[in-house]
Amino acid sequence: MSAAPAPGLPLRVAYLFGHDHFMGGGERSTAELIRALDPELVRPLVLVPGPGELREHFAAAGVDTALAALPTLRAPLSPAPWRAVGALARLLRRQGVAVVHAGTPRAALYAGLAGRLAGVPVVWHVRESLRDLPWYDALLAGLASRVVCVSAAVREARVRPLGAWAAARAVVIHNGVDTAALRPDPHARTALRVQLGLGPDAVLVGLVGNVIARKGHDVCLEALALALEAAPGLPVRLLLAGRQEPEPQFAARVRALAAAPELAGRVLVMPFTTDVRALYSALDALVLPTRSEGFSRALIEAMSMGLPVAASDLPEVREALPGPEHALLAPPGDAQALAAHLLTLGRDAALRARLGAAGRARAEAHFDLHGHARAVQDEYFRLLAGRGRTLRRAAKGAWLGARGLLVRAAPRTRRPLGPGPVLLLAPPRLGDAALALGVPALLVGAGRRVEVLGRGPALDVLALSPHVAAVHGCGPGPGGLLRAARGLRGAGFGAVLDLDLDWRLWSALAARATGAPCAGCAVAGRAPLYDLALPCPGEEPIGDVYARLARALAGPQTPAPGGPLLAVPGAAQEAVARRLAAAGIGPDEPLVVLHPGATHPTQRWGEGAFAALAGALARRGAARVALAGGPGDAALVAGVLRAMAQAGDPPPALAATDLALPGLAALLARATVFVGNNSGPLHLAAALGRPTVSTLGPTVAARWTPQGPGHTVLRARGLGCLGCALAACPLGRAACMERIAPQAMLEAVLAALAWARTTEGGHDA
């Protein structure tokens, strides 16, 4: 099948259930997750194999539902399962599903196969630490794009043994509960306890969950009998609340144990109720004698309700309740130890209160439902962003690997970086050059002469540095750069610093072509071409990368440069001053410069958003507004002007896209605040010491945020794909930009204007 189209927002996420018989813990967790999703980001679709309790629940909640048959897998050669896979794949495409989310193994298998056919990524939500057949778990993990584990213990027990490839696609997201809603209800407590025939002095301990062997109901009943044998007057009563249908034979055994003479009148049984708040309100403590667990929903519900807990000492339980100040823990299956805890809970009301308060605080801090939903949503967006990069990364990785073999095969010797003048190879983009302006300043501070080789706006930026002694231009293309580099052989450079961090090799080859010892960053297989290669972590700010490269020559103790990094020519300042005066902008008026451009569409906030911001600033009279950009931004600036006219707002005082770089620098130096996207002018304004307000869109914030005081970055909330760095959004539109409201930007700009007024120099250049 062809690739699925861009899904758009809100994402259509299908939740595939393996049965439709009852609402167990996993089903309730999925239902709560669906309820807590952000409707602006995710539009759920519940898929169930037939009519029943699950479908009725979601239909009553107003969630879209559809039927998806999941025939038994016991006859794999039967055509029925394969027809069902094809039908499910067609349903996913027809419904525009962006992600499939499945829990049980059967649902995960059907989702994985159908997702592959439909070109839709699949999330396998693993809720149990008990392993299935190893080959079956490996198949499910291989079909899944992401494996979400409800606890680290589940990941270690069930996913990591499959191999590093499976662990790499696994993430831990603990279950969550609505801690705001799960609080004790005194009226419900009284009503249920009266219904159960309990007096005010009874200590009611609850075991909440389906009556199945691994939950340890038999161990709990044996422990209660031991506790009553040791203290016949113990006021403890045990409430068993859960379905008995899943394992009827074990349920019959539990009923027989509860009917034993030594437990007469001490064990109460009730069916599971969806009103869990009323149930927990009636309890005084929770007991969880489970033999194995994933991450118990009953446990964190009880914690949220402020109930003390006596539980099996399992890794999964310790993730929720890590220490003795949180719970009483007993070895799994140890009825004697559990009996001692029941005695303690029955006798010590103060301890019950302390444990309950500690559990409540931990539930609020770590297991809130809305945090859980945000974490799951984030994985959906990361999956889609990752799909946009997979083919590009694979192709580039293969090319870089082959290229690296050739580069490493070339014979060469390493030379030390020498004294004397330093040649900088300019990076390819204006913004990178602005971020590199500290390099010549550091080198000059260490007594080195600095010259620059490059072309275009990046060379023009470095030419404005007062620390650069000479610039050397070059012709177009790689050939022009290599010819210019060979022409500088014998010029006496002690070292060449390559400031290009791109994946192409041309600047590294040009550095070697000068004949001088060279240094650069070890990116994209370039390291063998340098005499000194420094690491370049992907999360490190670009300015810090350049500073580390400069200090390799200047020395680690060289102080950071003082004074301006750019010297704006006087003629350019005068020309801009005349142009502003002609537009009616006085020399002392606050000026906000808006730049709507950026290299990629995903990095642009939008013409309408900039227009709304400009109009709001004009109506408030907070500052005069100028629209600016290079010749390539003319269409964007024109779009902002059209949007302002359609909204009935007057045009800004100045709209300029014809300024050469010195003129643009002069305008930015005059600005009180610069507002823009992740672009060259943003970093140029920051280098000029101007306060900035910016949107970084899909870029890595830690790498590109302007450093120093006075800089504000606005980012969308609730999107896990931030930092994808893609030039085209897999969602069909850049939601990370659309979700930044003009009102939020206006408030940030007003705050920046206030900050500028209190800073020495105000808006003066």
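This text goes with the structure placed above it.
Residues numbered from 1 in each chain as written. Predicted model: local features only at pLDDT ≥ 70, side-chain atom pairs only at ≥ 80, totals over all residues. Heavy atoms only, no water.

**Student:** Account for the overall build of the protein, naming residues and giving values.
**Tutor:** Across its full length, the protein carries 30 helices and 25 strands. Per-residue burial over the protein gives 54% buried out of 765 residues. Expressed as a percentage of contacts within the protein between residues at least 6 apart in sequence, the contacts between residues at least 24 apart total 71%. (Helix = DSSP H or I, 4+ residues; strand = E, 2+ residues; numbered from the N terminus. Buried < 20%, exposed > 50% of the residue type's maximum accessible area, 1.4 Å probe, protein only. Contact = heavy atoms within 4.5 Å.)

**Student:** Describe the pattern of salt bridges, and please don't skip the residues or the numbers.
**Tutor:** With the rule as written, the count across this model stands at 33 salt bridges. A salt bridge links D218 to R291, with the nearest nitrogen and oxygen atoms 2.9 Å apart. Of this pair, D218 sits in helix 9 (residues 217–230) while R291 sits in the loop between strand 11 (285–288) and helix 12 (297–304), and the two are 73 residues apart along the sequence. Between D498 and R526 there is a salt bridge, with the nearest N and O atoms lying 2.9 Å from each other. Taken together, the residues D498 in strand 17 (residues 495–498) and R526 in the loop between strand 18 (518–521) and strand 19 (532–534) connect sequence positions 28 residues apart. Of the residues examined, R526 reaches a relative accessible area of 0% and is grouped as buried. (Salt bridge = Lys/Arg side-chain N within 4 Å of Asp/Glu carboxyl O.)

**Student:** Help me get a handle on the pairing of strand 3 (residues 64–67), residues and values and all.
**Tutor:** Examined bridge by bridge, strand 2 (residues 42–48) and strand 3 share four bridges and lie parallel to one another. Note that in strand 3 the partner of V46 across the bridge is T65. Regarding topology, helix 2 (residues 53–60) serves as the crossover connection from strand 2 to the parallel strand 3, and that connection is right-handed. (Pairing = 2+ DSSP bridges. Right-handed = clockwise from strand over helix to strand, strands pointing away.)

**Student:** Explain the sheet that holds strand 3 to me, using residue names and the numbers behind them.
**Tutor:** Consider a sheet: its strands pair through backbone hydrogen bonds, and that pairing is either parallel or antiparallel. Spatial strand order, 3-2-1-4-5-6-7: seven strands in an open sheet with parallel pairing. Of all the strands in the sheet, the pair left with one neighbour each is strand 3 and strand 7 (170–172). Taken over all neighbouring pairs, the strand axes of this sheet differ in orientation by 25 degrees on average, direction set aside. Alignment of strand 1 (residues 11–16) against strand 4 (residues 99–102), held across four bridges, turns out to be parallel. Residue L16 lies in a different strand from strand 4, and its bridge partner there is A102. (Axes fitted to C-alpha atoms, helices over the stretch in contact; angles between N-to-C directions.)

**Student:** Give a description of the packing of helix 3 (residues 79–94) against helix 4 (residues 105–118) that names residues and reports values.
**Tutor:** Two elements in contact, helix 3 and helix 4, have axes separated by 8 Å at closest approach and are oriented at 55 degrees. On the basis of their axis angle, the class for helix 3 and helix 4 is oblique. With respect to the hand of their crossing, helix 3 and helix 4 are arranged in right-handed fashion. Facing helix 3, whose interface residues are P81, W82, A84, V85, L88, A89, L92 and R93, helix 4 presents Y110, A111, L113, A114, G115, L117 and A118. (Parallel < 35°, antiparallel > 145°, perpendicular 65-115°, else oblique. Left-handed = near helix turned anticlockwise from the far one by under 90°.)

**Student:** Give me the lowdown on the pairing of strand 14 (residues 422–425), citing residues and values where you can.
**Tutor:** Side chains V422 and L424 project from strand 14 onto one buried face, and the interleaved L423 and L425 project onto a second face that is buried too. For strand 14 and strand 15 (residues 450–454), the ladder comprises four bridges, and the chain directions are parallel. Note on strand 15: the bridge partner recorded for L425 is L453. Where strand 14 lies against strand 17, four bridges are found, and the strand directions are parallel. Residue V422 lies in a different strand from strand 17, and its bridge partner there is A495.

**Student:** Tell me about the environment of A311, residues and numbers included.
**Tutor:** Checked against the element boundaries, A311 lands in strand 12 (residues 309–312). Here A311 falls in the buried class, since its relative accessible area comes to 1%. Taking the C-alpha atoms as reference points, A311 and R291, separated by 20 residues in sequence, lie 10.0 Å from one another. Those residues in contact with A311, other than ones at most four positions away along the chain, are L288, V317, L328, L329 and A330.

**Student:** Quick rundown of the sheet that holds strand 9 (residues 236–241)? Include the residues and the values.
**Tutor:** If you trace the six strands from one edge of the open sheet to the other, you get 10-9-8-11-12-13, paired in parallel fashion. Both edges of this open sheet fall to strand 10 (267–270) and strand 13 (328–330), since each of them pairs with a single strand only. Neighbour-to-neighbour, the strand axes of this sheet turn through a mean angle of 25 degrees, independent of strand direction. Pairing analysis gives six bridges linking strand 8 (residues 203–208) to strand 9, with the strands arranged parallel. Looking at strand 9, one finds that V203 is bridged to V236.

**Student:** Give a description of the nonpolar core that names residues and reports values.
**Tutor:** Most often, soluble globular proteins keep nonpolar side chains buried together rather than apart. In this structure, L16, L47, L88, L92, V147, Y280 and L299 are the most contacted members of the largest nonpolar core, which totals 78 residues. Counting residues per element, this core draws most heavily on helix 4, at seven residues. With 69 residues, the next largest nonpolar core counts F17, W605, L627 and V693 among its residues. (Core = buried A, V, L, I, M, F, W, Y, C linked by side-chain atoms within 4.5 Å.)

**Student:** Residue-level account of the side chain of D378, with values.
**Tutor:** Following the sequence through the fold, D378 ends up in helix 16 (residues 369–409). There is no salt bridge for the buried D378, and the closest opposite charge comes from R382, which lies 4.0 Å off by N-O distance. What D378 contacts, discounting residues up to four positions off in sequence, is G718, L719 and G720. (Lys, Arg positive; Asp, Glu negative; His and termini not counted.)

**Student:** Residue-level account of the state of the cysteines, with values.
**Tutor:** Per the stated rule, a full pass over the model turns up zero disulfides. We note that C729 lacks a disulfide partner, and the nearest cysteine sulfur, in C721, lies 6.3 Å from it. (Disulfide = S-S within 2.5 Å.)

**Student:** Before we move on, can you summarise the packing of aromatic side chains with the specific residues and values?
**Tutor:** Inspection of every chain in the model, using the stated rule, returns four aromatic pairs. Geometrically, the ring pair formed by F295 and F367 is tilted, given 5.4 Å between the ring centres and 55 degrees between the ring planes. Here F295, found in the loop between strand 11 and helix 12, pairs with F367, found in the loop between helix 15 (349–366) and helix 16; they are 72 residues apart in sequence, far enough to count as distant. Both residues of the pair, F295 and F367, count as buried. A ring pair is formed by W605 and F610, whose centres lie 5.0 Å apart and whose planes are at 80 degrees; its orientation type is edge-to-face. Accessibility assignment for this pair places W605 and F610 in one class, buried. (Phe/Tyr/Trp six-rings, centres within 6.5 Å; stacked < 30°, edge-to-face > 60°.)

**Student:** Just give me the short version of the packing of helix 4 against helix 5 (residues 134–143), but keep the residues and values in it.
**Tutor:** Where helix 4 meets helix 5, the closest approach of the two axes is 9 Å, and the angle between their N-to-C directions is 40 degrees. When the interaxial angle is binned, helix 4 and helix 5 end up oblique. The chirality of how helix 4 crosses helix 5 is left-handed. Contacts between helix 4 and helix 5 involve P105, R106, A108, L109, G112, L113 and R116 from the former and Y136, L139, L140, G142 and L143 from the latter. Taken together, the residues that form the contact of helix 4 with helix 5 break down as eight nonpolar, two polar and two charged. (Nonpolar A, V, L, I, M, F, W, Y, C, P; charged D, E, K, R; others polar.)

**Student:** Lay out helix 22 (residues 542–554) with the relevant residues and their values.
**Tutor:** In a regular helix each residue adds 1.5 Å, so 13 residues correspond to 18 Å; helix 22 covers 18 Å between its end C-alpha atoms and thus fits that length. Turning to helix 22, its buried residues are I542, V545, Y546, L549, A550, L553 and A554. Looking one or two residues past helix 22, G555 carries a phi angle of roughly 100 degrees, positive in sign. (Expected span 1.5 Å × (residues − 1).)

**Student:** Can you break down helix 24 (residues 607–620) residue by residue, with the values?
**Tutor:** Helix length check: helix 24 (14 residues) gives 20 Å between terminal C-alpha atoms against 20 Å at 1.5 Å per residue, within 8%. Listed in full, the buried residues belonging to helix 24 are A609, F610, A611, L613, A614, G615, A616 and L617. Turning to helix 24, the residues buried within the fold contact strand 20 (591–595), strand 21 (624–628), helix 25 (634–646), strand 23 (673–677) and helix 30 (742–758). Positive phi shows up at G621, right after helix 24, with a value of about 65 degrees.

**Student:** Go over a nonpolar patch on the surface, please, and point to the residues and values.
**Tutor:** A cluster of nonpolar residues, L133, W135 and L139, forms a patch on the protein surface that exposes about 320 Å² of accessible area. Mapped onto the secondary structure, W135 falls in helix 5. Taking relative accessible area as the criterion, W135 reaches 57% and is therefore assigned exposed. (Patch = residues over 30% accessible without salt bridge, like charges linked within 9 Å, V, L, I, M, F, W, Y side chains within 5 Å. Areas by Shrake-Rupley, 256 points an atom, 1.4 Å probe, with all protein chains shown as cover.)

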